[in-house]
Amino acid sequence: MKKTTQFLLLTVALIFSAVTMAQSTVTGTILDADLNTPLPGATVVEKGTSNGASTDFDGKFTLTTKNTSGQLVVSYVGYTSQTIAFSGNKDLGTIKLMASEVGLQEIQILASVAVDRKTPVAVSTIKAADIEMKLGTKEFPEILKSTPGVYATKAGGGFGDGRINLRGFQSENVAVMINGVPVNDMENGRVYWSNWAGLSDVTSSMQVQRGLGASKVAVPSIGGTINIISKTTDVVAGGNAYATLGNDGYRKIGVTYSTGLLENGLAATVSASKTDGDGYVDGTEFNAVAYFINVSKQFNENHKLSFTAFGAKQRHGQRQNSHLIETYRKSERGIKFNADWGYKNGQVTFQEDNFYHKPQISLNHYWTINDKTDISTALYASFGSGGGGGTGGDSSKFAFDSEGNSDYRVGNYGPIAFDRIVAENEALGANGAETILRASRNDHRWYGILSTLKTDLTDNLVLLGGLDIRDYKGIHFTELTDLLGGRFFADNSNRNNPNAQVQVGDKYSYYNDGLVRWMGLFGQLEYSKDKLAGFLSLAASNTAYKRIDYFLYTNDDPTRETDWFNFGGFSAKTGANYNLDTNNNVFVNAGYFERAPNFNTVFPRNNNVDINSDAVNQKILSFEVGYGYRADKLSANVNLYRTAWKDRSQTFRFIQPSGDYAFANILGVNAIHQGVEVDFVYRASKKFKLTGMVSLGDWRWENNVENVDIIDENQNVIGTVDLFIKDLHVGDAAQTTMALGFDYNIGPDTRFSVDYNYFDNLYAQFDPSDRGTVKPDAWKVPAYGVFDASSSHDFKVGTFDATLSARLDNVFNTHYISDAFDGNSSSALDSRVYYGFGRTFSVGLKLKF
């Protein structure tokens with residue numbers, strides 16, 4: 001017995017020794033081949049097994065292999081995989097991965113993409129894989145709703161009508177850039193997401209830089225910067241085809257193909273998709289055709305050229321008019337109720353809709369002058385055509401009383417009976433139509449050049465500088481789109497054609513051009529050595545405005561065309577990041593900039609006489625400190641910020657008893673946006689990841705403004721206006737947001753995720769100019785929380801790889817108010833609202849070839 005026991009122990013020892021000897025420990029560091037920066041989260045897998053490891057935030061990994069020798073497969077999303085042999089215990093040293101898309105690194109430099117533990121800004125990045133899995137039928141900005149400081153909604157619920165606020169600032173104060181090119185409207189600064197209906201299909205990554213951000217270009221980043229990096233061209237040939245189905249008739253099909261990098265240095269990628277559906281909200285049917293093309297040519301080691309064009313032609317019905325809570329409750333359609341549509345001759349007809357086509361075209365040249373210096377230049381153009389539909393003439397026919405009754409609707413709170421309006425217009429005969437449909441057109445032509453020079457002054461000091469030139473022409477007019485049975489529509493707005501009998505396709509009411517010229521210069525000095533990295537950035541710009549009016553003035557009137565009005569602006573930013581050790585880092589940044597007033601502030605009365613040439617710059621002062629923690633399992637960030645917004649552009653228009661307009665240019669309207677943000681990622685295992693964030697904002701108007709002069713058309717002071725807004729909360733975005741989610745890999749091919757988002761301290765939107773008397777805070781919308789779930793499964797279809805994905809948004813069908821507009825009593829009784837969507841779903845299949 002004793003000998004048997006000894007034999008068994010010896011056998012176990014030999015087996016254990018053999019197993020131990022069969023294992024090896026392999027280490028290494030994975031870097032981006034072009035930027036020489038770490039790739040955190042890169043995957044290292046022992047070939048032929050499921051044994052693997054991920055890199056930490058410094059790009060380092062340690063893997064205990066199952067065999068003493070073999071091969072490791074090193075991969076990272078957006079990069080070309082490598083297979084590396086190993087034998088025994090070994091340090092593989094530095095492994096550099098090349099981007100799988102031609103020109104991607106150069107675009108990231110042009111776009112000022114922030115680098116973790118180096119760029120001293122608060123930043124969140126979402127990769128294409130997460131966008132593909134979690135977006136579903138959501139609006140593109142909604143993919144960011146689990147990001148600290150972000151509030152994104154569908155607004156009225158039309159396709160592409162989504163909006164986003166960042167740290168309490170609306171889109172005109174959030175810089176949106178695509179491949180480094182600013183896309184905020186040149187006249188009012190807004191971003192219209194419906195113009196970019198196909199953008200989610202071609203996005204490589206989406207980075208939100210909160211606060212002043214890392215952009216070198218002078219952009220309106222008061223709240224932050226959204227950096228969207230589109231796909232370029234894949235190094236390897238191949239493509240995919242996909243189809244998605246969803247609620248309310250949602251259908252989407254698309255195809256992408258890449259030639260790969262050919263021997264002659266040429267590479268091309270084309271993508272196209274078609275989307276249509278009925279819309280969750282009544283009367284919001286939509287259709288869109290999106291396209292993308294990139295052609296790149298590597299001439300030699302020093303010169304690379306890349307041509308990109310993308311856009312989407314879309315049309316969708318809108319819920320433009322918000323309603324009282326009582327209205328939704330009384331309507332049998334509930335939260336889907338929409339008053340802005342009806343039927344004409346049995347066909348759905350929109351009272352309010354949107355149609356637009358905005359191709360974005362760019363030609364990028366990347367020139368490596370020598371080992372230390374390179375220049376990236378983008379020539380770009382955009383041609384927008386389209387606008388928003390509405391009514392003209394007697395619009396009272398589209399209204400209804402408190403019980404939803406109207407002679408021009410099909411039942412209480414029913415759709416519009418356009419056929420009755422048609423019959424009335426036909427009966428008017430030679431008198432012309434009384435009520436019509438029109439479109440407010442906002443076409444534009446936009447050209448620009450953005451060029452950045454980067455040179456290494458020393459091993460630790462980098463200088464960047466460049467120019468940003470833009471030329472913009474906005475073409476604004478009203479177009480008659482439907483006479484609704486009338487013979488013509490009488491209009492007396494055009495002094496060159498008084499008493500016009502307007503037909504479909506004709507311009508009426510107004511026709512003018514807004515011209516904008518922008519010239520900007522920027523420079524940035526970057527320092528990086530060991531644990532310390534910092535930057536100093538300076539930028540200056542000049543914005544020039546001019547207005548041409550073709551209706552208000554005769555052709556020979558010199559007033560028809562204004563002079564150019566110039567407004568200078570500048571910015572100064574600095575910041576530093578210090579890595580305390582391999583796990584902990586701290587950063588601080590500060591900045592001040594002055595932003596030129598927008599076009600409508602300079603021309604507040606939409607004419608060429610009453611010009612606000614003394615409009616002052618908006619002034620922004622911002623500070624932020626942050627702390628970061630990075631480890632194998634846990635990464636976390638804590639940020640504290642304070643932004644002071646001075647001399648916010650604010651004008652007041654007053655109609656005198658005579659019917660004439662009076663105007664006040666209100667200075668000194670200030671706001672303070674401050675708060676704390678916390679976010680984390682906890683990797684409990686290779687299969688399970690937990691994410692979360694808490695964002696606590698305190699955004700308030702800072703002061704009252706009293707005794708501002710009201711000026712009439714003859715420049716006489718006829719009265720004063722007061723704004724009582726001190727300590728009132730800024731409305732339109734939830735000041736408290738929280739998120740908690742998990743990602744679970746059920747197996748090597750199946751992934752499942754659940755996200756919970758909570759929103760509180762959402763105050764109804766209001767115009768400070770309406771607070772002429774002391775009133776309480778705007779109505780505070782009830783808090784709400786929403787669960788979303790998504791999953792994906794990879795499998796084989798013959799020799800092809802395929803992915804099946806499914807998404808369920810608002811899992812528990814929670815009813816909540818997402819947008820509110822304050823009423824006279826600042827309560828739920830008279831505030832107008834939009835409800836968010838109930839439960840929605842989508843299922844998609846992608847086949848790769």
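Residues numbered from 1 in each chain as written. Predicted model: local features only at pLDDT ≥ 70, side-chain atom pairs only at ≥ 80, totals over all residues. Heavy atoms only, no water.

## Looking at the overall build of the protein chain
Test applied: Every helix listed is a DSSP run of H or I at least four residues long, and every strand listed is a run of E at least two residues long, numbered separately from the N terminus. Based on C-alpha atoms, the radius of gyration is set beside the globule rule, defined as 2.2 Å times the residue count to the power 0.38. Any residue under 20% of the maximum accessible area for its type is buried, any over 50% is exposed, and the rest in between are partly exposed; the area is computed with a 1.4 Å probe on protein chains only. By the convention used here, residues are in contact when the closest approach between their heavy atoms is within 4.5 Å. The protein chains shown are the only cover counted for residues, whose accessible areas, like all others here, come from Shrake-Rupley with a 1.4 Å probe. The charge count treats Lys and Arg as positive and Asp and Glu as negative. His and the chain ends do not count. Note on charges: their place is set at NZ of Lys, CZ of Arg, CG of Asp or CD of Glu.
Helix and strand counts for the protein chain stand at six helices and 52 strands. Relative to the globule expectation of 29 Å for 849 residues, the C-alpha radius of gyration of the protein chain, 29 Å, shows essentially globular dimensions. Seen through its principal axes, the protein chain has C-alpha atoms that stretch 115 × 60 × 60 Å. When the 849 residues of the protein chain are sorted by exposure, 54% land in the buried category. Counting contacts in the protein chain only where the partners sit at least 6 residues apart, residues at least 24 apart contribute 67% of the total. Carbon and sulfur atoms make up 55% of the accessible area of the protein chain, which amounts to about 36,100 Å² in all. Side chains of the protein chain give 79 positive and 91 negative charges; the mean places of these two sets differ by 7 Å.

## As for the sheet that holds strand E24 (residues 347-350)
Heads up, the condition is: Following DSSP output, two strands are said to pair if at least two bridges run between them. Only C-alpha atoms enter the line fits that serve as axes; for helices the fit covers just the stretch in contact. Angles between N-to-C directions range over 0 to 180 degrees.
As summarised here, the arrangement of the three strands in space is E24-E23-E28, forming an open sheet in which the pairing is mixed. Each end of this open sheet is capped by a strand with a single partner; those strands are E24 and strand E28 (416-417). Across two bridges, the pairing between strand E23 (residues 341-344) and E28 is parallel. Looking at the pairing, Tyr 343 lines up with Ala 417 of E28. Helix H5 (residues 418-428) contacts E23, E24 and E28 of the sheet and is inclined by roughly 60° relative to E23.

## Some thoughts on the sheet that holds strand E22 (residues 323-324)
Here three strands make up an open sheet; going across it, the order is E22-E51-E50 and the pairing antiparallel. The open sheet terminates on both sides in strands that have one partner only, identified here as E22 and strand E50 (817-821). Sheet analysis places E22 next to strand E51 (residues 832-835), joined by two bridges and oriented antiparallel. The partner of Leu 324 across the bridge, within E51, is Arg 832.

## Some points on the pairing of strand E9 (residues 122-127)
Side chains Ala 122, Ser 124 and Ile 126 of E9 all project onto a buried face; the interleaved residues Val 123, Thr 125 and Lys 127 project onto a face where none is buried. In this structure, E9 lies alongside strand E14 (residues 203-210), joined through six bridges in antiparallel fashion. The residue bridging Val 123 from the neighbouring strand is Gln 209, located in E14.

## Description of the confidence of the model for the protein chain
When pLDDT is low, close inspection of the predicted coordinates is not appropriate. This is how the line gets drawn: The pLDDT score gives, residue by residue, the confidence of the prediction method on a 0 to 100 scale.
Across the protein chain, the average pLDDT comes to 90, with 92% of residues at or above 70. Across residues 7-21, confidence stays below pLDDT 50; counting only partners more than four residues off in sequence or on other chains, it has one contact.

## Some thoughts on the side chain of Ser 258
This is how it is decided: Identification of polar contacts relies on pairs of N or O atoms within 3.5 Å, with a donor-acceptor requirement for protein atoms, meaning one able to donate a hydrogen and the other able to accept it, and with residues adjacent in sequence counted only if both atoms are side-chain atoms.
By secondary structure assignment, the location of Ser 258 is in strand E18 (residues 250-258). At 2.6 Å, the side chain of Ser 258 forms a polar contact with the side chain of Thr 269.

## A few points about the pattern of salt bridges
Applied cut-off: Whenever Lys or Arg places a side-chain nitrogen within 4 Å of a carboxyl oxygen from Asp or Glu, that contact is recorded as a salt bridge.
Summed over the entire model, instances satisfying the criterion amount to 40 salt bridges. For the salt bridge of Arg 333 with Asp 282, the shortest nitrogen-to-oxygen distance reads 2.8 Å. Of this pair, Arg 333 sits in the loop between helix H4 (325-330) and E23 while Asp 282 sits in the loop between strand E19 (266-277) and strand E20 (286-298), placing them 51 residues apart in sequence. Residue Arg 333 is classed as partly exposed on the basis of its relative accessible area of 39%. What makes Asp 282 buried here is its relative accessible area of 12%. Its salt-bridge partner being Arg 441, residue Glu 479 comes within 2.8 Å of it at the nearest N-O pair. With Glu 479 in strand E30 (residues 461-482) and Arg 441 in strand E29 (residues 435-456), the pair connects residues that are 38 residues apart, well separated along the chain. Across this residue pair, the class does not change: Glu 479 and Arg 441 are buried.

## A short note on the side chain of Asp 468
Here Asp 468 is to be found in strand E30. Residue contacts for Asp 468: discarding those within four places in its chain leaves Val 217, Tyr 380, Ile 449, Leu 450, Trp 518, Met 519, Gly 520 and Phe 522.

## Notes on the nonpolar core
Short version of the rule: Only buried Ala, Val, Leu, Ile, Met, Phe, Trp, Tyr and Cys residues count toward a nonpolar core, and they belong to the same one when joined by side-chain atoms within 4.5 Å.
Grouped together as the largest cluster of nonpolar side chains are 73 residues, with contacts concentrated most on Leu 144, Ile 226 and Ile 228. Val 26, Ala 42, Tyr 76 and Ile 95 belong to the second largest nonpolar core, which has 17 residues in total.

## Some points on the packing of aromatic side chains
Basically, it comes down to this: Each pair of aromatic rings taken from Phe, Tyr and Trp, with Trp reduced to its six-membered ring, is defined by centres within 6.5 Å and is described as stacked if the planes are under 30 degrees apart, edge-to-face if over 60, and tilted in the remaining cases.
Evaluated as defined, the whole model comprises 34 aromatic pairs. Between Phe 337 and Phe 400 the ring centres are 6.2 Å apart and the planes differ by 80°, which places this aromatic pair in the edge-to-face class. Of this pair, Phe 337 sits in the loop between H4 and E23 while Phe 400 sits in the loop between strand E27 (373-393) and E28, and the two are 63 residues apart along the sequence. Phe 337 sits in the buried class, given a relative accessible area of 2%.

## Some remarks on the environment of Phe 603
Residue placement: Phe 603 occurs in the loop between helix H6 (599-602) and strand E37 (618-630). Sequence separation between Phe 603 and Ala 615 is 12 residues, and the spatial gap between their C-alpha atoms is 9.8 Å. Leaving out residues up to four positions away in the same chain, Phe 603 has contacts with Tyr 545, Lys 546, Arg 547, Thr 562, Phe 565 and Ile 611.

## Quick word on H5
Turn by turn, an α-helix covers 3.6 residues, leaving residues three or four places apart pointing in a common direction. The test is simple: By construction, the arc corresponds to the directions joining the helix axis to the C-beta atoms.
Looking at H5, one finds that the buried residues are Phe 418, Ile 421, Val 422 and Asn 425. Projection of H5 onto a plane perpendicular to its axis shows the buried side chains occupying an angular sector of 105°, all on one side. Check the buried side of H5 and you find it contacts E23, E24, E28 and E29. Positive backbone phi, approximately 55°, marks Gly 429, located one or two places after H5.

## A few points about the pairing of E19
Bridge count between E18 and E19: eight bridges; the pairing is antiparallel. Along E19, the bridge assignment pairs Arg 251 with Asp 276. Across 12 bridges, E19 lies against E20 in antiparallel orientation. Looking across to E20, one finds that Thr 269 is bridged to Asn 294.

## Description of a nonpolar patch on the surface
For clarity, the threshold we go by: Like-charged residues are merged into a patch within 9 Å and nonpolar side chains (Val, Leu, Ile, Met, Phe, Trp, Tyr) within 5 Å, provided each residue has over 30% relative accessible area and no salt bridge.
Together, Val 255, Tyr 257, Val 270, Val 797, Phe 800, Leu 847 and Phe 849 line one region of the surface with nonpolar side chains, adding up to about 560 Å² of accessible area. Within the secondary structure, Val 797 sits in strand E48 (residues 784-797).

## Quick notes on unusual backbone geometry
Positive phi is not limited to glycine here, since Arg 167 has a value of about 55°. The phi angle at Asp 248 is positive, at roughly 55°, despite the residue not being glycine. Mapped onto the elements of the fold, Asp 248 is located in the loop between strand E17 (238-246) and E18. Judged by relative accessible area, Asp 248 falls into the partly exposed class, the value being 27%.

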